[in-house]
Structures are given as C-alpha cells and as structure tokens.
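An overview of the molecular structure
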There are 2 protein chains.
Amino acid sequence: MNTDPLQDIHLSISAVERDTGLSKDTLRMWERRYGFPSPTRDNNGERAYSLTQVEKLRLIVRLLALGHRPGKVIGLPTAALEAMGSRTAAATSSTPGSGPGETEPAEIAGFLELIRSHQLAGLRQRLLHKLATEGLSRFVCATVAPLNVAVGEAWIRGQLKVFEEHLYTEQIQSVLRTAISALPSPWQPPRVLLTSLPDEPHNLGLLMVEALLAVEGATCIPLGTETPCDEIARAARAHQIDVVALSFSASFGPRQAWAGLTQLRGLLPEPTALWAGGATMAQLRKPPPGIDRVVAFTDLLWMLGQWRQTRSTEPC
Amino acid sequence: MNTDPLQDIHLSISAVERDTGLSKDTLRMWERRYGFPSPTRDNNGERAYSLTQVEKLRLIVRLLALGHRPGKVIGLPTAALEAMGSRTAAATSSTPGSGPGETEPAEIAGFLELIRSHQLAGLRQRLLHKLATEGLSRFVCATVAPLNVAVGEAWIRGQLKVFEEHLYTEQIQSVLRTAISALPSPWQPPRVLLTSLPDEPHNLGLLMVEALLAVEGATCIPLGTETPCDEIARAARAHQIDVVALSFSASFGPRQAWAGLTQLRGLLPEPTALWAGGATMAQLRKPPPGIDRVVAFTDLLWMLGQWRQTRSTEPC
DNA sequence: GGACCTAAATTGTCCAGGACAAATCATTGA
DNA sequence: TCAATGATTTGTCCTGGACAATTTAGGTCC
C-alpha cells in the first residue's frame, strides 16, 4: 500500500484548467496530438489527471513562457524539462550589469533569502528601511522592479514556492499602499485610470505605477484588476479620465493583449491616452495603433512629462 | 448612420466568457436550448456577440445569483428581467433593523451616493473620518460590514456599475491597509494565516479579519487570495501557524467550499485551528467537522478569546 | 398540514473529432 | 544579410451527442 495520500488524488479537466491556466480545449488537443497529458478515466469516462501530470504541465507552461515550442517540450521526460528550464532561465537572465543606481544584486539576493526563510518581519523591516532611504520613486524603480524580476525568475526555476511568492506580493503591496496613502493629495493633471483587463489578476504592477504617478502629483483612480473593456470605457467617461493605464503580466497572452487593447481603443474617446505596460507589452514587437507602450518604469516619468507638455501647449 | 460606436462592436465567445464568467460550453448550450444569446456570425462562421447581448447576459447572471432558474429567466425581455431583479432584491433584503451601534442606514445610503456620483476624494475622506471617529474595530464591524452588504445589494439590483464597485473595493482596501500598517507590531499569539481557496478572488473580507485580529495583537500572515490547498498546508508548517482563516464570498459555491475545507482539514496538523467565514459559510447548515465557522465579524473576537483561553490552560 | 420518498424535468459539464486562421519555422532568392 | 514564400505548428472554434447532479413535482403516509 502506498502511504502517500497525494498519489491517489486525481483532478478533473476543469480543475486542471484552473490550476495550470491551460484551456480544456488545449489540454484535449495536446493529448490528441502529443500523447501528453494522458489522464486515466474515472467511472464516468471523464479525464482524471494525476498530481504528477499536473506538476509536469505547470513545468511545461513555465517553459513555454520562456519561449520554447510546445511540440519540442511536450513528451520529454520531466528531468529533461527541469534541466532545460534551469538552462534557459540562466541564459535569459536579463541585464547582468545593473542599471545606474539600481539596487545591488547582492542585496536583491538578500531579500530573496528573507522570503525563502519565511522571515516576514525581517522582510517587511528591510523593505521599509529601503523605502525610507531611497524615497518612493527610486524604491519602486531601483528596488521593487528588479526584485520582482528576481522573484519571477526564482519562481520559474522552481526555487520559490507559490505561498512564498504570495507572501512577498502581499508585503510589497502593503508597503506601497501605505506609502501612497501618505502622499499629499494630487494637485495636477492628468487624471489616470489604473486597472487591468479580465484574466489579468496581478495588481503589483499597477500599484507601482500608481506610486510613481502619485509622487508626481497626478490624480490616480485605481480600479483594481480585471475590469471588462466596456466598464473601463464607462469609468473613463464618468471620471473624465485623461490617461488609461493597463498592466499585462508575463502570464497574459500577447494575442489576447493585442485584442483587448484594440477593442478598448475603439471604445475610448480619441483624446484619451492609453498606456500599456508589463512583461507582455515589452515582448511585443509593436504595440497596436493608438496605444503608448510603457517598456520600463522609468519611461513613465518621461511619458507623463510628454503628456503634460502636449496638453499645456494645446489647451482644450 | 448610427453615431454610437458601441453598436458595431462584437465580441468573440472567449471574450464573452471573460466578461460574464459563463463558460463557452454554457453559452453554446443556452443558445441551443433557449435561443438566447443568439449571436451573429463573423466571416469565419464564429459567434459574434453584441454588447447589448452581453449586458443582458450579465443581468441574467445576477438573477441566477438571486436564486432564479435559467429556464425561467432566459428568453424574457430585458425590461422584465430588470423589474424581476429589483423585486427579488427588495424581498431578499436582509435585516431591516440595524444592530446596536451600527452605522445608520441613512449614513450608509450617503456612502452609496458618493460611490454612485464618482466622488472619489469625498468617499475617501468620509471613510477616513469615520475610521478616526470609531476606531478600527468598530469601523470594520459597524461601518464597513453593513456598507459591504449595501454595495452587494445595490450591485445585484443593477444600481451599481461594475467599475463603481471596483472603485469602492479599492478605496476600502486602501483605508484598511493603511490603518493596519499603523498598528504596533503584534505582541501575542496566535499566529494566524489569512487567505482564500482558488476561485475566490475577493480580498476585502480577509483584510477586515486581519484588521480585527491585528488590533488584538495577534500575528497575521496574509497570503492574499487563491492559494491552493497544498500550498496553504506548506505555509502553515513553515510559519508555525496556530490558526488558518479562510474567506468565502457569496459567489463561492457551498459544495466547492465544503470539498475544499475537508481536503484542507486533512492536510493540516490536528492542533491547527481552521476558521472559515464569509457569506457562503453563513448559508451553510453545518460546517464540515473540525472547522470553526465565523458567521459574523463580531464572532471573531470571541473566537480569539476562546482560543487564547484554551491554549493558556493547555500549554504545549 | 407536514415529513418523506420517488419520478421527471432541468441544467451544467464533458466528450469526440473535424476544421481553420494565425503564428512560426524553413527555404529560397536577391 | 535580409526579405519573401511555402510548409508546419498550434490554439481556438464548431457541431451534436451524452450524462450526472441538482431541483421540482407528485404521491403516500403519519
């Protein structure tokens, strides 16, 4: 008898869709084409995926995000996939030379170590200290941004558990929100609406943008995440929005992003600017027409200045 | 020519799935069985839904949440649906008499009016004022809780747009998070892990719980929302957790909640307490064995006291 | 009248297998 | 080296059938 109770657990196709982000259609198609995953069937003849297979699926999803092709990786044994993951992550590892004024890699590693060793209080304390030392804007650009990248990479390599990443995200959000609250009331245009499209639940990027803009005195209207396109358009009208800022994390498909942005552009009045940022946007060759892409957080200040200059010379 | 650009916009079936929460399968099945929605087809023969139909679908989803049967409501004209919504919401409206010390219904209505008129600054200011007057604990129990109910009901009745509800949620979260940050460091057990199961993205309830517990000096470890069961168990071990607190909003199915709780109970060590709260839990006849149910926010303090008493007389 | 049980209707999800457009790769020619 | 073209890969959509789970309706007994 197997003593591990996890061995006997099987998931339905919808549970796997939830846990991996792969659509039911895709799961069935992979099975048809590549022979993996090959779930057993339950009493009703419905697919029952083992936890091992789900784990391997997650690994494959990570590799796809790194640029591998499905046909090349599905069907390889798990060990080979893991090796491939580490190799690619190392190769992809961005910008070995840290930018000017960016927090030292060693210090980033120190933060990672705090996360991994579950020292909640220590992590929080060091974040607050860094914030106090650098000021909000530099904290966001020079510390939080590279730390996010580091956490994302560690997660891709499987060096970070899901709950550790959750904890990190919560702490950063808490620190940023508190810092934003402490700022004086906004005193200048533009009025910026901050949100993400449905299927994009990550809030951290939006919060970082809000911090940078709020420091510059812009009026931020945060809607949280996952606002349907037509609702964004309604909100923009109701709040007399000048700029709609959207965030797309790496897990958001480029095709879907393009479609959503195009649709939203059509719903918004012409003078409203549409800024799109995040990992997905950075990967895109070219943004859809009428959309301003935010490649790095430091771009934001430039775009803000640009907007103000244009509007002050062309008053409505 | 129609001047409204929204008229010409059509959505794919996946976009409708995103925006309404109804699965592709369900959308096709409704079309097959009830003749609604009846999307036109694009050049590729694929379904193209008009915004009008999407709007009606959202309305139907609201009615289903109120307990109506699909067969009875799908196919009725929009006007009839709206009337039905108002009627049912009025009938379901809970607890006409406000509890002792609870914020006046008139004041709640005032808040609602601020939300509906998009006065972000005014809303925030009044929330902060109320918080300063009542203190954090009473603010959460006597103001935020009934306000949440009121907002939920207004949304069900269609008196509140999605983006208005998003804005409200963001503001409350901001206010609560700031208040929590301002509290002194925790100085007493228990150590409480706060999170929700996958498919439960609502964070507000968790934040309210965190506020109440933090005021009492308990150590809160917030993981954000949607943590898989096995990860919750891992986190509980890593952080030497005494109590795991889970939140289930009204949109979370009772059956799914029961299954998730039972599974989690099996994964957690015996001495770890498991507290479950939220609208779904309140509806449940009986909580699963080994799980403590939080019916109202005011229960929390009692449960906390109970826990401390038990543990002080039975020191490990 | 109410509690309890059974049969019928309702409803969401799953399945198979076909089709196709968009993206990507490989090849060729300038 | 770069651009254009054809082949391949890949995700999503379609139809129509099946079925388990839930809810409702009908009937019986206390």
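Considerations on the overall build of chain A
Within chain A, the secondary structure is distributed over 14 helices and 8 strands. Rg of the C-alpha trace for chain A: 22 Å, near the compact-globule value of 20 Å for 316 residues, within the 12% margin. Considered along the principal axes of its C-alpha atoms, chain A spans approximately 75 × 45 × 30 Å. Residue burial in chain A is summarised as follows: out of 316 residues, 46% are buried. By sequence separation, contacts in chain A at least 24 residues apart represent 67% of the contacts at least 6 residues apart. Surface accessibility of chain A: about 15,300 Å² in total, with carbon and sulfur atoms responsible for 54%.

Topic: the relation of the copies chain A and chain B
In the superposition of chain A on chain B (RMSD 1.3 Å, axial shift 0.9 Å), the rotation amounts to 179 degrees. In the structure described here, the two chain copies are related by an operation that fits a two-fold rotation axis. Taking C-alpha positions as reference, the residue of chain A nearest the rotation axis is Thr178 of chain A, located at 2.8 Å. The residues that chain A uses at the interface reappear at the interface of chain B in 92% of cases, marking a shared surface.

Considerations on the protein's contact with DNA strand D
The immediate surroundings of DNA strand D are formed by 23 residues, with Arg33 of chain A together with Lys24, Arg28, Arg47 and Arg255 of chain B found nearest. The sugar and phosphate moieties of DNA strand D supply 69% of its atoms located within 4 Å of the protein. Ser14 of chain B has a polar side-chain atom sitting 2.9 Å from a phosphate oxygen of DNA strand D. Across the surface near DNA strand D, the residue classes break down as 6 nonpolar, 5 polar and 12 charged.

Concerning the packing of helix α6 (residues 105-116) of chain A against helix α7 (residues 120-134) of chain A
All names here are of chain A. Direction vectors running N to C along α6 and α7 enclose 150 degrees, while the axes themselves pass 9 Å from each other. Overall, the two elements α6 and α7 adopt an arrangement that is roughly antiparallel. The residues of α7 that touch α6, namely those facing Glu107, Gly110, Phe111, Leu114 and Ile115, are Gly122, Leu123, Arg126, Leu127 and Lys130. Looking at side-chain class alone, the contact of α6 with α7 contains 5 nonpolar, 2 polar and 3 charged residues.

Remarks on the protein's contact with DNA strand C
Looking at DNA strand C, there are 22 residues lining it, with Lys24, Arg47 and Arg69 of chain A together with Met29 and Arg33 of chain B nearest. At 3.1 Å, a side-chain N or O of Arg41 of chain A approaches a phosphate oxygen of DNA strand C. Trp30 of chain B places a polar side-chain atom, nitrogen or oxygen, 2.8 Å from a phosphate oxygen of DNA strand C. Elements with a contribution of two residues or more to the surface near DNA strand C: α1 (13-20) and α2 (24-34) of chain A together with α2 (24-34) and α4 (70-73) of chain B. In terms of residue count, the dominant contributor to the surface near DNA strand C is α2 of chain B (6 residues). When its residues are assigned to classes, the surface near DNA strand C shows 6 nonpolar, 5 polar and 11 charged.

Notes on the nonpolar core
Within soluble globular proteins, side chains that are nonpolar generally end up buried alongside one another. Counting 47 residues, the largest nonpolar core has Leu193, Val244, Leu246, Phe248, Leu261, Leu264 and Leu274 of chain A as the members making the most contacts within it. Here this core takes 6 residues from helix α3 (residues 51-65) of chain B, the largest share from any one element. Other than its neighbours up to four places away in sequence, Leu264 of chain A contacts Cys229, Ile232, Ala233, Val244, Leu246 and Leu274 of chain A.

A closer look at empty space enclosed by the protein
All chains considered together, the criterion is met by 2 cavities of 30 Å³ or more. Size it by volume and the largest cavity reaches roughly 50 Å³. In terms of lining residues, the largest cavity is bounded by Arg177, Leu194, Asn203, Leu206, Leu207, Glu210, Pro222, Leu223 and Gly224 of chain A together with Glu170 of chain B. Among the elements that take part in the lining of the largest cavity, helix α10 (residues 204-215) of chain A stands out by supplying 3 residues, more than any other. Residues that form the lining of the largest cavity fall into these classes: 5 nonpolar, 2 polar and 3 charged. In this structure, the second largest cavity occupies an estimated 40 Å³ of space. Taken together, Glu170 of chain A together with Leu194, Asn203, Leu206, Leu207, Glu210, Pro222, Leu223 and Gly224 of chain B make up the full set of residues lining the second largest cavity. When residues in the lining of the second largest cavity are grouped by element, the largest group, 3 residues, is from helix α10 (residues 204-215) of chain B.

So, the confidence of the model for chain A
Taken residue by residue, chain A gives an average pLDDT of 87. The fraction at 70 or more is 91%. Between residues 1-6 of chain A, whose pLDDT stays under 50, and residues either more than four places distant or in other chains, the model counts 3 contacts.

Points about the sheet that holds strand β5 (residues 218-222) of chain A
Residue and element names in this part refer to chain A. The sheet built from 5 strands is open, its strands ordered β5-β4-β6-β7-β8 with parallel pairing. The strands lining the two open edges of the sheet, one partner per strand, are β5 and β8 (292-294). Across the sheet, the axes of successive neighbouring strands diverge by a mean angle of 25 degrees, strand direction being ignored. With 5 bridges connecting them, strand β6 (residues 243-247) and strand β7 (residues 273-277) associate as parallel partners. Bridge pairing links Val243 to Ala273 in β7. Along the sheet, α10 contacts β4 (188-195), β5 and β6; its crossing angle with β5, the most-contacted strand, is approximately 160 degrees. Its contacts with the sheet place helix α11 (residues 229-238) against β4 and β6, and it is angled at close to 160 degrees to β4.

Focus on the interface of chain A and chain B
Contacts between the two partners involve 39 residues from chain A, matched on the other side by 42 residues from chain B. Considering only the side of chain A, the residues that lose the most area to chain B are Phe163, Glu170 and Arg177 of chain A, jointly responsible for 17% of the buried surface there. Linking chain A with chain B are 4 salt bridges, by the criterion used here. Two residues, Arg234 of chain A and Glu55 of chain B, come together in a salt bridge whose shortest N-O distance is 3.4 Å. The interface formed by chain A and chain B contains 15 residue pairs in polar contact (both at pLDDT 80 or more). Listing elements by their share of the side of chain A that touches chain B, those giving two or more residues are α7, α9 (162-182), β5, α11 and α12 (254-267) of chain A. In terms of residue class, the side of chain A that touches chain B is built from 15 nonpolar, 14 polar and 10 charged.

What counts as what
Residues numbered from 1 in each chain as written. Chains lettered and ligands numbered in written order. Predicted model: local features only at pLDDT ≥ 70, side-chain atom pairs only at ≥ 80, totals over all residues. Heavy atoms only, no water. Helix = DSSP H or I, 4+ residues; strand = E, 2+ residues; numbered from the N terminus. Rg over C-alpha atoms; globule rule 2.2 N^0.38 Å. Buried < 20%, exposed > 50% of the residue type's maximum accessible area, 1.4 Å probe, protein only. Contact = heavy atoms within 4.5 Å. Areas by Shrake-Rupley, 256 points an atom, 1.4 Å probe, with all protein chains shown as cover. Least-squares fit on C-alpha atoms with pLDDT ≥ 70 in both. Near = heavy atom within 4 Å. Polar contact = N/O pair within 3.5 Å; in protein donor to acceptor, adjacent residues only side chain to side chain. Nonpolar A, V, L, I, M, F, W, Y, C, P; charged D, E, K, R; others polar. Axes fitted to C-alpha atoms, helices over the stretch in contact; angles between N-to-C directions. Parallel < 35°, antiparallel > 145°, perpendicular 65-115°, else oblique. Core = buried A, V, L, I, M, F, W, Y, C linked by side-chain atoms within 4.5 Å. 1 Å grid on protein atoms, 1.4 Å probe; cavity = no way out; pocket = protein on both sides within 12 Å on 5 of 7 lines; lining within 4 Å. Points joined across faces, edges and corners; volume = space filled by probe spheres on them. pLDDT = per-residue confidence, 0-100. Pairing = 2+ DSSP bridges. Buried area = accessible area lost by both parts, 1.4 Å probe. Salt bridge = Lys/Arg side-chain N within 4 Å of Asp/Glu carboxyl O.

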